[in-house]
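Understanding the architecture of this molecule
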Amino acid sequence: MTTADAGTAAPPGTAPPATAGPFGALREQLTDGAATFAGSADALAGILAGIVDDVDRALGERLEIFPVCHHSPASALAMVRRLRHKQPKVIYLELCEDLQPLLGELRNCRLPVAVQAFASELDGFPAEWGPLSVVAPVTEASAEYQAIAYALETPGVELVLVDRSTDHVFQWSPRGDAPAATDAPADTAPQTAGGEAGEQSALHGDAVGVEIGDLRPRFAELEAYLLHHGKVRHWSEWWDQYVERPLADADHDTYRQVMVLIGSLFRRLRPAGSDRTDRDEDRERYMWTRMREHLAASGADPADCLYVCGAFHAASRVEQFGLDSPAPDFAITPRTGTRWRYGLIPSSHSAIEAQFGLAPGSVSIAAANWTQAVGRSGLAPYRLDGQRGVRGGRGKRKAAPPVATPAGPVADRLTGFLAAPPALDGLDEAELRGWCVDIVRLARRNGYLASTADAIAVFETSILLAGLRNRARPTPYDFADAAVTCIEKDVVPGRRDVRRLCEILLGGDRIGQVGYDALPPLARDVLDRLQPLGLDLEKRTIQRALLDLHATPALAGCSDLLWMLRHLLPADAVRPIMGERRLGHRSIQESWDLALGRHQRALIELGYEGVTVEQVLEQRLRRSVRGPDATAAGALAAVEDAIRLLDSPRLVDELGARAVELLSTERTVDDAPDVLRRIRRLLAHYRATAPILPAWCEAFVTTGYAHYCTLLPTAFVEEETGVRQVGAMLGFLFSMESLALSLGCDRSQLELAVAQSHPESPAKVALLWAARHQLGVLPLAELRQRCADLLGNPLVVPAFPRYLSGFVHALEPVPGLAPFVVETMSTAFARLPDPVLLPWLPTLITTLREHGPELVPLLVREAARTFPGTLPELDAWVPPWMGPPAGPAPVARPGAPTGQVHGLLAAHPVSVDAVAGLLGCEGGWSEPVDAPAESAAATLLLAHPDTVEAVSVLLTHPDTVEAVSVLLG
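Criteria and thresholds
- Residues numbered from 1 in each chain as written.
- Predicted model: local features only at pLDDT ≥ 70, side-chain atom pairs only at ≥ 80, totals over all residues.
- Heavy atoms only, no water.
- pLDDT = per-residue confidence, 0-100.
- Contact = heavy atoms within 4.5 Å.
- Helix = DSSP H or I, 4+ residues; strand = E, 2+ residues; numbered from the N terminus.
- Polar contact = N/O pair within 3.5 Å; in protein donor to acceptor, adjacent residues only side chain to side chain.
- Patch = residues over 30% accessible without salt bridge, like charges linked within 9 Å, V, L, I, M, F, W, Y side chains within 5 Å.
- Areas by Shrake-Rupley, 256 points an atom, 1.4 Å probe, with all protein chains shown as cover.
- Salt bridge = Lys/Arg side-chain N within 4 Å of Asp/Glu carboxyl O.
- Lys, Arg positive; Asp, Glu negative; His and termini not counted.
- Charge placed at Lys NZ, Arg CZ, Asp CG, Glu CD.
- Buried < 20%, exposed > 50% of the residue type's maximum accessible area, 1.4 Å probe, protein only.
- Core = buried A, V, L, I, M, F, W, Y, C linked by side-chain atoms within 4.5 Å.
- Pairing = 2+ DSSP bridges.
- Axes fitted to C-alpha atoms, helices over the stretch in contact; angles between N-to-C directions.

For the protein chain, the mean per-residue pLDDT works out to 79, and 78% of the residues sit at or above 70. Between residues 188-194, whose pLDDT stays under 50, and residues either more than four places distant or in other chains, the model counts 17 contacts. Between residues 886-898, whose pLDDT stays under 50, and residues either more than four places distant or in other chains, the model counts 9 contacts.

In structure tokens:
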């Protein structure tokens, strides 16, 4: 860090500060102290004197500047006092200007909530940034809420948001990386354990947080120094002890001067040349430009206006600072074409802490301090009429009448405040004793073995820690540290640790809720359509919904909506317990666990995408197939979802046509298994429910047949393509062959593709053999002989399990090989040596587990048919493939099936002679005494039972036989 920027030079366009004035004595005192302790009056003196100059400059501005810190009870109290004293007519608030129309909806919500701007379709921003989201959380213990409530509930008061728009938030973000949720450094305190706190801290998602008054040193060494010498664990605790509590009861002038002093200190100690500094200065130029424009347009008197901003911006040194600055207005760039949608989402104390890097529990402690301070001071804070979840309302207490504020010279309050010792606050034993008793009771409920002795230990340890940290009274942070030390032992028995219990005790993680009237139209439509369930879906609890669609057909609409929400919302927002929705099937009874109140943010953001759930679902399905990473398998999945969830044949045809386009352009076969599984399911659905197949289904089959035939030779030899993918390609080609041929495809494509395939991997070689067998090129006897040769070759035996894995995958395209696979596996288990067999077994088990739904049933069925069913039969059982070779055809016996075949053949000698002539068999008929006539043709036919069956069919249709005879001459 350099100190060249930390001098007292005035900004361009302004006069240098005078050495006299209300802060002249303080300036000289700080300069002399810097020269004494630092040995030089250059660097340190410049910083200290510059801080005083910033305070003098901010307080001398005609437009009153009110510096605040985000979620600070001291700032909120000072804001209430100043609003009741001055009664301003115009309030300029540091908040994104395009969020102003939403502020009136806060009265329909339970705080804390966050004002949100959301954009899913980007125009002018990098696509990888989407979706964009900006949130501005609002709590009751915040100065901005008090200003908003005063402006909205007081007639004649105008509220003007002057900060950059949400579009400019991302315009000014660096283009290298996506914007972070917040660039505030996280506190070093450990995060609380348990899924509950983690769930609530994710309420804002990955949105960018906008806050008023981020007061934290951006100088890591300074923060570490302050924490070390302040004897605190994290920044939130330091701020509470050294700033928050001393300023809680301070008068207005003291509060303003101290806050500007702190903002100026942190501003001047920030490392020079950072991108954040440039953005902050642009924000200040933006705000002063907007305020000048409003004053010029409205003619308002600056004396009746109040500018509420962070203390960091109150100490601004930009050239546009002040109403009397001669600098030209800041050139505001136009917004991009991105369409922003606005709404309110629920927030929580833990979500605010997680997003802005605050210590866990700090916002809850601030809320508790706010409640105590309001009760102690007797102030009546401002609240919006109809505000949900607040005790009491505006006007319950008698407010002080407005007091005219005469314009006068600024008095120096800093010197006295900085020189005065801290006010001693005596120990409130009753309060601390109540904390200790309650934390022990709460710990016992959560599984801790706590007792009265632990309560006493926590009491004494809290006082001890406060003394070690130079505090006259234990703070909630001291109490939490003492409770962790005395109660929490080695393990956490439940979901919540002791620190989390202390947060609950001291105020709890208050969770906000957006009211029905403030919800977007889609969210209100969802709640209205689910009213027949008879549940209060705004509650944050999980509720069980039972739907008997047979007894109450009117609930079918609720069922359809729940299945769509299941597809669009997080998994635990709408979870089916009983019932399913698949192609061609709808359950008549369903049971659901609903947690829409807990996932209100997701439901609200769904409303930014459309007016109805059906519209949003249709848009998402279209986007899923039009994106840069869309695949044919994803498009088929979108088709299934459209059939299951939406009754829109037009959309299904559109998605199906897109699936054909994607399949034809794919250059890899990684998704071939998924494509095969989904197209089979869709074809089965259409064959069962439609008279004809849709045009896109036929196009998909023909395109896929040609596409996979083209890629098959390459897939066989590529190492990147797995055995499963090649098996799925063959499965598509063989299972869709009859349909593809009927639609005009040529079988020679497949034959050429198989002939051009020359794999080297053993598993793919086995797949190729199975494909050639399916095409009729490789008979089963030759395939069996090849496997026997592999087992007989000692050099190939170690690789035989890989061949067998290929045969297992071959069951997908050639399910008729199941008997051969069972035979080959049995032979391998019998003949492979243990050093080869045992290492291969885990691979086999893994393969069968991965492909269990498709392959295991075939193997199990075939094994049950082949192997004996009882143990006694197993002793005398001989495998069919190891039995004695078949001898001559046995002599037919009367009444036996073979005798019936002989009789049938002898009764039609003309047909038998014709078949014998076609087969090239010579020889006449013989006439045995005890058997029907037999010939060489009959013997040949008996050895080929398939041919016998074909002949039998022909004999039952003599007209066909005669026609064939005529064709054959």
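Turning next to unusual backbone geometry. With an omega dihedral of 5°, the bond running from Leu111 to Pro112 counts as a cis peptide bond. With respect to the helices and strands, Pro112 occurs in the loop between strand S3 (109-110) and strand S4 (113-119). Residue Gln87 is not a glycine yet carries a positive backbone phi of 55°. Note on placement: Gln87 falls in the loop between helix H3 (73-86) and strand S2 (90-96).

We now examine the environment of Thr665. By the secondary structure assignment, Thr665 is in helix H24 (residues 649-665). Within the structure, Thr665 has its side chain in polar contact with the backbone oxygen of Glu661 (distance 3.2 Å). Of note is the side chain of Thr665, whose polar atom sits 3.0 Å from the backbone oxygen of Leu662.

Right, let's get into a negative patch on the surface. A contiguous patch of negative charge on the surface is contributed by Glu718, Glu719, Glu720 and Glu760. Tracing the chain through its elements places Glu760 in the loop between helix H29 (747-755) and helix H30 (762-774). Here Glu760 falls in the exposed class, since its relative accessible area comes to 77%.

Pairs may arise between side chains of opposite charge once their charged atoms sit close together. Counted under the stated rule, the structure contains 43 salt bridges. Measuring nitrogen to oxygen at the nearest pair gives 3.2 Å for the salt bridge that ties Glu319 to Arg285. Separated by 34 residues along the polypeptide, Glu319 in the loop between helix H11 (311-314) and strand S9 (341-346) and Arg285 in helix H10 (residues 275-298) bring together distant segments of the chain. Between Arg678 and Glu640 there is a salt bridge, with the nearest N and O atoms lying 3.0 Å from each other. Here Glu640 lies in helix H23 (residues 632-645) and Arg678 lies in helix H25 (residues 672-689), a separation of 38 residues in the sequence. The class for Arg678 is buried, based on a relative accessible area of 17%. Looking at Glu640, the relative accessible area reads 8%, which means it is buried. Via salt bridges that share partners, Glu94, Asp163, Arg164, Asp280 and Arg283 belong to a single interconnected network.

Looking now at the nonpolar core. Membership of the largest hydrophobic core comes to 205 residues, with the highest contact counts inside it found for Leu530 and Phe700. It is helix H26 (residues 695-717) that provides the largest number of residues to this core, a total of 11 residues. Dropping the residues within four chain positions of it, Leu530 is found in contact with Leu537, Cys558, Leu561, Leu562, Leu565 and Leu596. In terms of nonpolar packing, the next biggest core, distinct from the first, is built from 26 residues, Cys436, Ile439, Val440 and Ala480 among them.

Read across the sheet, 4 strands follow the order S1-S8-S2-S6 without closing on themselves; strand pairing throughout is parallel. Each of the sheet's edge strands pairs with one partner strand only, and the pair in question is strand S1 (64-68) and strand S6 (158-163). Averaged over all pairs of adjacent strands, the angle between their axes in this sheet comes to 30°, without regard to strand direction. In this sheet, strand S8 (residues 305-310) lies alongside S1 in parallel orientation, the contact comprising 5 bridges. Paired with Ile65 across the strands is Tyr307, a residue of S8.

Tracing the backbone through its elements, the reader meets Glu590 in strand S15 (residues 589-594). Of the side chains with opposite charge, Arg581 lies nearest to the buried Glu590, which makes no salt bridge, at 4.5 Å. Only 3.1 Å separates the side chain of Glu590 from the side chain of Trp563, close enough to count as a polar contact. Once residues lying within four places of it in the same chain are set aside, the contact partners of Glu590 are Ala545, Leu546, Leu547, Leu549, Ser559, Trp563, Met578, Gly579 and Arg581.

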